[in-house]
Amino acid sequence: MNYTKGLYVSLVLMMLVILVNTTIFDDEYSGIAMFASLGIFIMGTLFFLNTKQLKK
């Protein structure tokens, strides 16, 4: 269940980045926010794959 928590944390971070960009920065930095969300997604995916391989 550890990888589930890691995926949930990465999802929350991605939503937080989008929320901050929309509310505080008024969508001025949408490219940077999307890039940050992509980086968080890739890190979460790598975390998930690493944990799945360790369980095998």
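The structure we're discussing is the one just above.
About the cut-offs
Residues numbered from 1 in each chain as written. Predicted model: local features only at pLDDT ≥ 70, side-chain atom pairs only at ≥ 80, totals over all residues. Heavy atoms only, no water. Helix = DSSP H or I, 4+ residues; strand = E, 2+ residues; numbered from the N terminus. Rg over C-alpha atoms; globule rule 2.2 N^0.38 Å. Buried < 20%, exposed > 50% of the residue type's maximum accessible area, 1.4 Å probe, protein only. Areas by Shrake-Rupley, 256 points an atom, 1.4 Å probe, with all protein chains shown as cover.

Overview of the overall build of the protein chain
Next up, step 1: Within the protein chain one finds 2 helices and 0 strands.
Next up, step 2: Whereas a compact globule of 56 residues would reach a radius of gyration of roughly 10 Å, the protein chain reaches 13 Å, over 25% beyond that.
Next up, step 3: Overall, the protein chain is about 45 × 15 × 5 Å in size when its C-alpha atoms are taken along their principal axes.
Next up, step 4: In the protein chain, which comprises 56 residues, the proportion classed as buried is 18%.
Next up, step 5: Counting only carbon and sulfur atoms, one obtains 73% of the accessible surface of the protein chain, whose full area is about 4,600 Å².

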